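# Geometric and topological summary
Below are the chains, spelled out letter by letter.
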2 protein chains.
Amino acid sequence: MTGRRRVTHSLEAVLEEAIALLDEAGEPALTFRALAGRLGGGVASIYWYVASRDELLDRATDEVMGRLLEGTADLGEGPDPVADLRAMLLALFEEMRRRPWFGTYMLRNTGLQPNSMLMFDRLGQQTMRLDLTPKQRFHAVSSLVSYVVGVAADMAQPPPQEFLDSGLEPARFLELYADRWRALDPERYPFAHHVADEFAVHDDEDVFRSGLDLLLAGIRAQAGGHGS
Amino acid sequence: MTGRRRVTHSLEAVLEEAIALLDEAGEPALTFRALAGRLGGGVASIYWYVASRDELLDRATDEVMGRLLEGTADLGEGPDPVADLRAMLLALFEEMRRRPWFGTYMLRNTGLQPNSMLMFDRLGQQTMRLDLTPKQRFHAVSSLVSYVVGVAADMAQPPPQEFLDSGLEPARFLELYADRWRALDPERYPFAHHVADEFAVHDDEDVFRSGLDLLLAGIRAQAGGHGS
DNA sequence: TCGAAAGATAGAACAGCGTTCGATAGAGTG
DNA sequence: CACTCTATCGAACGCTGTTCTATCTTTCGA
C-alpha cells in the first residue's frame, strides 16, 4: 500500500515523450534531463531503453516515419507511378513542415531506421513501374530524396531571434526580409532585387512543388514520357 | 626584451585555425578549447572576435564560400547560362566533398553570410539570361540550392564507426553495405534488391550530376529549350 | 614624458550537457 | 524465505559554450 516510489517506463512511453518534446521545442530541447522530468523518473533510467542520444533520435524519427508509412499505405497503386511518387513526396514534405526536426534526422541511414529504408524502397518501387534502367532508377530516387532533404534542412532552420522577439506574423516578417534584399547593392545583387517581390509572398509548399515537378518531369522524360 | 607573455590574435587567424580544425576532424571538433589551444591563448580571447560558436561557424563557412567565389569568378560569362549554372553547382559539390562540414552550414542564411547570398545571386543571374518569369527563376534557384544542400547533408554524414574500426577502403565498405541490402526481405524491399548492384559501385559525383541534370533539363525546357 | 583611455588577452568559474557507476527497489521463481 | 533478474535512480565525471573580472598592452592627447 506504500505509494510507488519508483516509476515504470517502456520504450513506447520514452519515444512518445521524446517526440512530444521535439514537437514542442525542437531538437535541442530533447535533453535527457528534460525527458526524465517528463517521465517523472531519473535520468539514467532512459539508458535502459536507449544507448545514446543519437539512438534516441534515430528511434524517434523512425517511429514518425513508421506512422507516416501507415498513413500513406494506400499510395503506390495508382495508374501513374509518377503521380504516386509525387503524392508520397508531398506527404513527406507535409510531415517535415509539421515537424521541422524530422527532416534533419530523416536521412541518417544508421541501420537503426528500418522505416526510412522502407520509405526509400517504396519510392523505388514506383520507379520500377517506369521504363528505366536500374541505374536510372537508383539515381532518380537518390535525387528525389536529396531534394526533399535539402528542403527539409531549409525549413528546419529556426526562425531568427529577431522574429521571435518582434512577435510579427510570418507573412509580415517575410516582407521585412524581402526589404533587406531590396536594400542590397543592385550592382552586386541584381537577382535579389529581381525576385524580392516574389520572395516576399512565396509559399514554401509552392517552392517545394515546383522543384519536385522539375525532377519528376525529367524522370518521366527519361522513361519515354508515357502517361500524362 | 622579455618574451611575450601574451599571444596576439586576429579574426583572420581565428578563422584560419577554425577552418583547419573543421577540415581535420569535422564540425564537432571545433570547440573553443581546442581552438584556443591551437592559437596558444585562452578560451575567452576568442570571444573578442566572435560572439558565439554559431557566429564562428557562420564566419568560417562564409570565408570558405568567399574563396570558392573567387575561384569560380570566371564562370557566368559562357554562351549557355545552363552550362554555367551546371559548372557553378559542380564547383559547389566539389567543395562539399572536400569539406563535409561546409555543406551542412552553407544554407544558414543568418544575414552574417554575405558570400552565401552572393553565391545565391550569381546562380540567379544565370537564370536571368533564360526566358523565364521571375517566379520561375526564384523557384529554379531555390530548387537547385535545396538539391545541393540535400546532397551535402547526405555526404556530411560521418562514416559509421564500424567502418573506421574495420579499416576497409571505401569501395570495399560500400560493397559490404550493398550486401546488407541484399540480405533484406525481398518481398518487403524489392527495390533495394533491384539496385543493390548499382549501389555497390555507385559514385557520389555521378549520382549528384544525374539529379542535377534532371533539374537543369527541366529548367531548360521551361525556358523553351533554347541552346544545346 | 606622463597618464588616462581604449584595445586585447586570459584565468577562473558557472550552468548545462551526455554519459557512467553503483546501489537498490521490485517482481517473479524455487 | 532467499535468490535472481529486471528496472530504476542519485550522484558523480568530464566536457561543453559562455560570462565575469582582472590585467596586460598599445594608443594618443596634454
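Residues numbered from 1 in each chain as written. Chains lettered and ligands numbered in written order. Predicted model: local features only at pLDDT ≥ 70, side-chain atom pairs only at ≥ 80, totals over all residues. Heavy atoms only, no water.

### Structural notes on the overall build of chain A
This is how the line gets drawn: Only runs of H or I of at least four residues qualify as helices and only runs of E of at least two qualify as strands under DSSP, and these elements are numbered from the N terminus. Here the term buried applies to any residue with accessible area under 20% of the maximum for its type, exposed to any over 50%, and partly exposed to those in between, with areas from a 1.4 Å probe on protein chains only. Two residues form a contact once any of their heavy atoms are found within 4.5 Å. Values of accessible area rely on a 1.4 Å probe in the Shrake-Rupley scheme; residue burial ignores everything except the protein chains shown. By the counting rule applied here, Lys and Arg register as positive and Asp and Glu as negative, while His and the ends of each chain are not counted. The location of each charge is read from NZ of Lys, CZ of Arg, CG of Asp or CD of Glu.
Along the backbone of chain A there are 11 helices and 0 strands. Along chain A, helices (α) and strands (β) appear in the sequence α-α-α-α-α-α-α-α-α-α-α when read from the amino end. Its C-alpha atoms give chain A principal-axis dimensions of roughly 70 × 50 × 25 Å. Within the span of chain A, comprising 228 residues, buried residues form 47% of the whole. Within chain A, contacts between residues at least 6 apart in sequence are counted, and of these 66% link residues at least 24 apart. When the accessible area of chain A is evaluated, it comes to approximately 11200 Å², of which 53% is carbon and sulfur surface. Looking at charge distribution, chain A has the averaged site of its 23 positive side-chain charges lying 6 Å from that of its 35 negative ones.

### So, the nonpolar core
What counts here: The criterion is simple. A nonpolar core is a set of buried Ala, Val, Leu, Ile, Met, Phe, Trp, Tyr and Cys residues joined through side-chain atoms within 4.5 Å.
Among the nonpolar cores identified, the biggest contains 142 residues, and A:Leu35, A:Leu92, A:Trp181, B:Leu35, B:Leu92 and B:Trp181 are the most heavily contacted of them. If sequence neighbours within four positions are ignored, A:Leu35 has contacts with A:Val14, A:Glu17, A:Ala18, A:Leu21, A:Leu30, A:Ile46 and A:Leu56.

### Concerning the UniProt feature "domain: HTH tetR-type" (unreviewed entry) in chain A
Filter applied, for reference: UniProt positions are given in the numbering used here, feature names are shortened, and annotations may be inferred rather than shown by experiment.
Following the UniProt record, one finds the feature "domain: HTH tetR-type" (unreviewed entry) at residues 8-68 of chain A. Here residues 8-68 of chain A is 64% helix and 0% strand, with 28 Å between the C-alpha atoms at its ends.

### A look at helix H3 (residues 53-71) of chain A
Residues and elements named next belong to chain A. The following threshold applies: Here the expected span of a helix is defined as 1.5 Å times the quantity of residues minus one.
Under the 1.5 Å per step criterion, the end-to-end length of H3 is 27 Å for 19 residues, consistent within 8% with the ideal 27 Å. For H3, every residue scored as buried is listed here: Glu55, Leu56, Leu57, Asp58, Ala60, Thr61, Asp62, Val64, Met65, Gly66, Leu68 and Leu69. In this fold, the buried residues of H3 make contact with helix H1 (11-25), helix H2 (32-39), helix H4 (81-98), helix H5 (100-106) and helix H6 (114-127).

### Quick word on the protein's contact with DNA strand C
This is how the line gets drawn: It suffices for a single heavy atom of a residue to lie within 4 Å of a molecule or strand for the residue to be listed as near it. Between N or O atoms, a polar contact is any pair within 3.5 Å; within protein, one atom must be a potential hydrogen donor and the other a potential acceptor, and residues adjacent in sequence are included only when both atoms are from side chains. Any residue that is not Ala, Val, Leu, Ile, Met, Phe, Trp, Tyr, Cys, Pro, Asp, Glu, Lys or Arg is counted as polar, Gly included; the first ten are nonpolar and the last four charged.
Not every one of the 22 residues close to DNA strand C is listed here, only the nearest: A:Arg33, A:Arg53, B:His9, B:Ser45 and B:Tyr49. The protein-proximal atoms of DNA strand C, defined as those within 4 Å of the protein, are 55% sugar or phosphate. Within the contact set of DNA strand C, a base nitrogen lies 3.5 Å away from a side-chain nitrogen or oxygen of B:Arg33. Here B:Ser45 contributes a side-chain N or O atom positioned 3.4 Å from a phosphate oxygen of DNA strand C. In terms of residue class, the surface near DNA strand C is built from 9 nonpolar, 7 polar and 6 charged.

### A short note on the relation of the copies chain B and chain A
Using the following cut-off: The superposition of copies rests on a least-squares fit of C-alpha positions from residues with pLDDT of 70 or more in both.
Mapping chain B onto chain A calls for a screw motion: a turn of 180 degrees about the axis and a shift of 0.0 Å along it, with 0.1 Å RMSD after fitting. With respect to symmetry, the two chain copies, as superposed, fit the operation of a two-fold axis. Proximity to the rotation axis, assessed at the C-alpha, singles out B:Gly150 in chain B; its C-alpha lies 1.8 Å from the axis. A symmetric contact is evident, with 100% of the interface residues of chain B recurring at the interface of chain A.

### Some thoughts on the packing of aromatic side chains
How we decide: Stacked, tilted and edge-to-face are the three classes assigned to paired rings of Phe, Tyr and Trp, where Trp is represented by its six-membered ring and a pair needs centres within 6.5 Å; plane angles under 30 degrees give stacked, over 60 edge-to-face, the rest tilted. Lysine NZ or arginine CZ positioned within 6 Å of the ring centre and within 35 degrees of the ring normal marks a charge as sitting over the ring.
One pass over the full model with this rule turns up 22 aromatic pairs over all chains. Taken together, the ring pairs in this structure connect A:Phe120, A:Phe138, B:Phe163, B:Phe173, B:Tyr177, B:Trp181, B:Phe191 and B:Phe199 into an aromatic cluster. Over the aromatic face of A:Tyr177 sits the side chain of A:Arg180, whose NZ or CZ is 5.4 Å from the ring centroid.

### Concerning the protein's contact with DNA strand D
In the neighbourhood of DNA strand D, 23 residues make up the surrounding shell, with A:Arg6, A:His9, A:Trp48, B:Arg33 and B:Arg53 lying closest. Counting only the atoms of DNA strand D within 4 Å of the protein, the fraction contributed by sugar and phosphate is 54%. A:Arg33 is positioned such that a nitrogen or oxygen atom in its side chain is 3.5 Å from a base nitrogen of DNA strand D. When its residues are assigned to classes, the surface near DNA strand D shows 9 nonpolar, 7 polar and 7 charged.

### Section: the interface of chain B and chain A
Rules: Take the accessible area each of two parts loses on contact, using a 1.4 Å probe, and add the two losses: that sum is the buried area. Salt bridges are defined as contacts in which a side-chain nitrogen from Lys or Arg sits within 4 Å of a carboxyl oxygen from Asp or Glu.
Each partner contributes residues to the interface: chain B has 50 residues there, and chain A has 50 residues. With both sides pooled, the region where chain B packs onto chain A buries about 4500 Å², and carbon together with sulfur makes up 69% of that total. When the buried area of chain B at its contact with chain A is split by residue, B:Phe138, B:Phe191 and B:Leu214 rank highest and sum to 16% of it. Counting the contacts that link chain B with chain A gives 0 salt bridges. Of all the secondary structure elements, the ones that give two or more residues to the side of chain B that touches chain A are helix H6 (114-127), helix H7 (134-156), helix H9 (170-182), helix H10 (190-201) and helix H11 (204-222) of chain B. Per-element accounting of the side of chain B that touches chain A gives the leading share, 15 residues, to H7(B). The class makeup of the residues in the side of chain B that touches chain A is 26 nonpolar, 16 polar and 8 charged.

### Here we look at the packing of helix H10 (residues 190-201) of chain A against H6(B)
Applied cut-off: Note on geometry: axes are lines fitted to C-alpha atoms, helical ones only across the stretch in contact, with angles between N-to-C directions running from 0 to 180 degrees. When an angle is under 35 degrees it counts as roughly parallel; over 145 it counts as roughly antiparallel; between 65 and 115 it counts as roughly perpendicular; any other value is oblique.
At their nearest, the axes of H10(A) and H6(B) sit 7 Å apart, and the two run at 75 degrees to each other. Compared by their axis directions, H10(A) and H6(B) come out roughly perpendicular. Contacts between H10(A) and H6(B) involve A:Pro190, A:Phe191 and A:Ala192 on the former and, on the latter, B:Met117, B:Phe120, B:Asp121, B:Gly124, B:Gln125 and B:Thr127.

### Points about the side chain of A:Arg137
Summarising the element assignment, A:Arg137 is placed in helix H7 (residues 134-156). No salt bridge is formed by the buried A:Arg137. Its closest oppositely charged neighbour is A:Asp131, at 5.6 Å. A polar atom in the side chain of A:Arg137 sits 2.8 Å from the backbone oxygen of A:Leu130. Those residues in contact with A:Arg137 that sit more than four places away from it in its chain are A:Thr127, A:Met128, A:Leu130, A:Leu132, B:Phe191 and B:His194.

### Quick word on the environment of B:Ile219
Here B:Ile219 is to be found in helix H11. B:Ile219 gets classed as buried once you look at its relative accessible area, which sits at 0%. Separated by 87 residues in sequence, B:Ile219 and B:Leu132 have C-alpha atoms that sit 8.9 Å apart. When near neighbours in sequence (up to four residues on either side) are disregarded, B:Ile219 contacts A:Leu214, B:Leu130, B:Leu132, B:Ala140 and B:Leu144.

### Re the packing of helix H4 (residues 81-98) of chain B against H6(B)
All names here are of chain B. To be explicit about the condition: Left-handed describes a crossing whose near helix is turned anticlockwise from the far helix through less than a right angle; right-handed describes the clockwise counterpart.
For the pair H4 and H6, the least separation of the axes is 8 Å and the interaxial angle reads 160 degrees. Accordingly, the angle class assigned to the pair H4 and H6 is roughly antiparallel. As for the relative orientation of H4 and H6, their crossing is left-handed in sense. The segment H4 lies against H6, with Pro81, Asp84, Leu85, Met88, Leu89 and Leu92 engaging Met119, Arg122, Leu123, Gln126 and Thr127. Taken together, the residues of the contact of H4 with H6 sort by class into 7 nonpolar, 2 polar and 2 charged.

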